[in-house]
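# Secondary and tertiary structure notes
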Amino acid sequence: MILCASKIAMVARNNIRYYIKNFLYLLTPTIYKWLCHSWHGSCLLVHTFSRLGFNMHTKRTVFCGFMIIALAGCGALPASGPYSNKIAEFTSVAAVETPKQKLENPSFRYALVDIRKPVLEHLAAFTPLWDNVNWPRTTTPETIKVQPGDVISITIYEARSGGLFIPTEAGVRPGNFVTLPPQTVDKTGYVTVPYVGLVRATGRSTVEIGNAISQGLKERAVEPQVVVSYIQRNGAEVSVLGDVNEAKRFSLGFEGDKILDAIAQAQGPSVPGYEAFVTLQRAGNEYTVPFDQLLSEPDKNIYLRPNDTIYVYKEPKSYMMYGAVEQQGNYSFGKRQLMLSEALAKASGMRDGQADPSEIYVYRHEKRERIQTFADFTHYSQDLMASDIPVVYRLNLRDPDGFFMAQKFEVNDDDLIYIANAESVEFTKFLNIVSATANTTESVDRTYFHSGLK
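Notes on the structure follow. (Residues numbered from 1 in each chain as written. Predicted model: local features only at pLDDT ≥ 70, side-chain atom pairs only at ≥ 80, totals over all residues. Heavy atoms only, no water.)

## Brief notes about the overall build of the protein
- Across its full length, the protein carries twelve helices and 18 strands.
- Across the 454 residues of the protein, 39% fall into the buried class.
- By element, 56% of the accessible surface of the protein is carried by carbon and sulfur atoms, the whole surface being about 25,700 Å². (Helix = DSSP H or I, 4+ residues; strand = E, 2+ residues; numbered from the N terminus. Buried < 20%, exposed > 50% of the residue type's maximum accessible area, 1.4 Å probe, protein only. Areas by Shrake-Rupley, 256 points an atom, 1.4 Å probe, with all protein chains shown as cover.)

## Quick word on the side chain of arginine 394
- Its place among the elements puts arginine 394 in strand 17 (residues 388-395).
- Looking at arginine 394, its side chain comes within polar contact range of the side chain of aspartate 114, at 3.0 Å. (Polar contact = N/O pair within 3.5 Å; in protein donor to acceptor, adjacent residues only side chain to side chain.)

## Brief notes about the side chain of serine 239
- Tracing the chain through its elements places serine 239 in strand 9 (residues 237-242).
- Overall, serine 239 belongs to the buried group, its relative accessible area being 11%.
- Residue contacts for serine 239: discarding those within four places in its chain leaves Lys248, Arg249, Asp308, Thr309 and Ile310. (Contact = heavy atoms within 4.5 Å.)

## Structural notes on unusual backbone geometry
- The phi angle at glutamate 223 is positive, at roughly 45°, despite the residue not being glycine.
- Along the chain, the position of glutamate 223 falls in the loop between helix 6 (206-217) and strand 8 (225-232).

## Quick look at the pairing of strand 7 (residues 197-200)
- Across four bridges, the pairing between strand 6 (residues 190-193) and strand 7 is antiparallel. Looking at strand 7, one finds that valine 193 is bridged to glycine 197.
- Where strand 6 folds back on strand 7, the antiparallel hairpin that results is connected by three residues, among which tyrosine 195 adopts a positive phi of roughly 70°. (Pairing = 2+ DSSP bridges.)

## Description of the pairing of strand 15 (residues 329-332)
- Note: strand 14 (residues 318-323) against strand 15, four bridges, orientation antiparallel. Pairing of serine 318 across the sheet is with serine 332, part of strand 15.
- Taking the residues between adjacent antiparallel strands as the criterion, strand 14 and strand 15 are bridged by five residues.

## Structural notes on helix 5 (residues 117-125)
- For helix 5, the complete set of buried residues consists of Val119, Leu120 and Leu123. Buried positions in helix 5, seen along its axis, are confined to an arc of 95° and lie on one side of it. More than 90 degrees from the buried face of helix 5, the exposed residues found are Lys117, Pro118 and Ala125.
- Of the surrounding secondary structure, the elements contacted by the buried residues of helix 5 are strand 2 (111-114), strand 16 (355-367), helix 10 (368-371), strand 17 and helix 11 (402-408). (Arc of directions from axis to C-beta.)

## Digging into the packing of aromatic side chains
- With the rule as written, the count across this model stands at eight aromatic pairs.
- Residues tyrosine 230 and phenylalanine 254 carry aromatic rings whose centres are separated by 5.5 Å and whose planes lie at 50° to one another, so their mutual orientation is tilted. Here the residue tyrosine 230 occupies a position in strand 8, and phenylalanine 254 occupies one in the loop between strand 10 (248-251) and helix 7 (259-265), the gap between them amounting to 24 residues.
- Judged by its relative accessible area of 52%, phenylalanine 254 falls in the exposed class.
- Centre to centre, the rings of tyrosine 319 and phenylalanine 333 are 6.1 Å apart; their planes meet at 65°, and the pair counts as edge-to-face. Residue tyrosine 319 is located in strand 14, and its partner phenylalanine 333 is located in the loop between strand 15 and helix 9 (340-346); the two are separated by 14 residues in the primary sequence. Summarising the burial analysis for this pair, tyrosine 319 and phenylalanine 333 share the class buried.
- Put simply, the rings of Phe277, Tyr311 and Tyr313 touch in pairs and so form one group of aromatic residues. (Phe/Tyr/Trp six-rings, centres within 6.5 Å; stacked < 30°, edge-to-face > 60°.)

## Looking at the pattern of salt bridges
- Overall, the coordinates contain 13 salt bridges when judged by the stated rule.
- A salt bridge links arginine 116 to aspartate 401; the nearest nitrogen and oxygen atoms lie 3.3 Å apart. Of the two residues, arginine 116 sits in the loop between strand 2 and helix 5 while aspartate 401 sits in the loop between strand 17 and helix 11, which places them 285 residues apart along the sequence.
- By relative accessible area, arginine 116 is classed as partly exposed at 23%.
- The exposure class assigned to aspartate 401 is partly exposed, which follows from its relative accessible area of 26%.
- Linking arginine 249 and glutamate 237 is a salt bridge whose minimum nitrogen-to-oxygen distance equals 2.8 Å. Placement of arginine 249 in strand 10 and of glutamate 237 in strand 9 is noted, with a sequence separation of twelve residues between them.
- On the basis of relative accessible area, glutamate 237 is assigned to the buried category, the value being 13%.
- In this structure, a network of salt bridges that share partners links the residues Arg116, Asp399 and Asp401. (Salt bridge = Lys/Arg side-chain N within 4 Å of Asp/Glu carboxyl O.)

## Digging into the sheet that holds strand 10
- The mixed open sheet is built from five strands, whose spatial order is 10-9-13-11-12. Each having just a single partner strand, strand 10 and strand 12 (285-290) make up the two edges of the open sheet. Strand-to-strand twist of the sheet, defined as the mean angle between neighbouring strand axes without regard to direction, takes the value 20°.
- As paired elements, strand 11 (residues 276-282) and strand 13 (residues 309-314) share six bridges and run antiparallel to each other. Directly across from phenylalanine 277, in strand 13, lies its bridge partner tyrosine 313. (Axes fitted to C-alpha atoms, helices over the stretch in contact; angles between N-to-C directions.)

## Some points on the nonpolar core
- Of all hydrophobic cores here, the largest spans 44 residues; its most connected members are Ile154, Ile213, Ile259, Val278 and Ile310.
- Residue contributions to this core peak at four residues, all from helix 7.
- Once you skip the residues sitting within four places of it in the chain, isoleucine 154 turns out to touch Val178, Thr179, Leu180, Gln183, Val191, Val193, Ile213, Val226, Val227 and Val228.
- Listed in part, the 32 residues of the second largest apolar core include Ala324, Ile389, Met405 and Ile419. (Core = buried A, V, L, I, M, F, W, Y, C linked by side-chain atoms within 4.5 Å.)

Without other data, these values stay purely geometric and don't point to any function.
Structure (structure tokens):
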């Protein structure tokens, strides 16, 4: 009889444990959320259990369990980044479906923008490649001037024989002129002409030099006219260096050479054009522009001046990938234009058992004029009026059109892409902590209390 009653009690106790276990599994998500948002909630539960009529062993077990749960509520759960609710909570400007939503809190943090069709259309229409307000705006080629090191030829014509250079008894000849030996412009910038002396050549065109020589000879020669021409140009040169196929220095053409002409003289870039940048060094100043922009914006392809230096270098565009993806890290674009769908594919996609496809975030700094269509900044702090504003774009791949949006959203250089964990993953972490706590307390109970130690 006693044995039978003991079995009945054991079965009843097991059934009660089963129902309590299932009840707790149903109730635990709500308790978990409450604990995660309130430290006082954990303390209240511990205090309540301490007032109940449990023995000291049970109180210690419950206290240890809820202390660990409270730690989980304080953010002690492992994670690779912020939770999705925190990203939305700390935004100062929200552009979620509605284009001009205002929040009551005026403090500046960042703007949150949902990736939708109007956003994509606006971003596609407003995509400046590079903002260099100091880029030179030379639109016409400069007249080539003689420089030190140039070798020039001087030919003097007279109206008839019997003059300074053409004697009367000269006889039959093709013309009344004389060609002086070639002269190299010295470092002081002068050449020597008989009966004229030193003539300044540097900084003058060949026509200006000829006129100066004619003026010096008009009192001696018979109606002199002078023609000056180049034999060898060594002065009006530019250099092309860096990641080009043939670095070289060459003289500018009389019709004028532009930046792309000079790069073509060097056999073009030795790196992909979408990874190349071009720096122009002129008169102690430097100007930099992407190589692609020289092709797409003709006004950037300016005429060169003597002694300009062009430096071509490689700077690949890259982005960072964090969160619930198969391979976190820093990735190069590998092409001229990269879309968000391709960026996710480069990281081998999202982790199927961890990622929340409705919470994909792209962090970047945007120009204020580019995003002011999505939100009204007039009621926010002065910091938010700055030219560069932190923006978080959010993509929801649970929507049927989410992948179409990902195919149209262009990734920028230095973007940070983050995929948040699903809520079920955080709940699983919580259950693992509860399970580990229960196993630990049970082990302590068996070791300490059932061994007879008090």
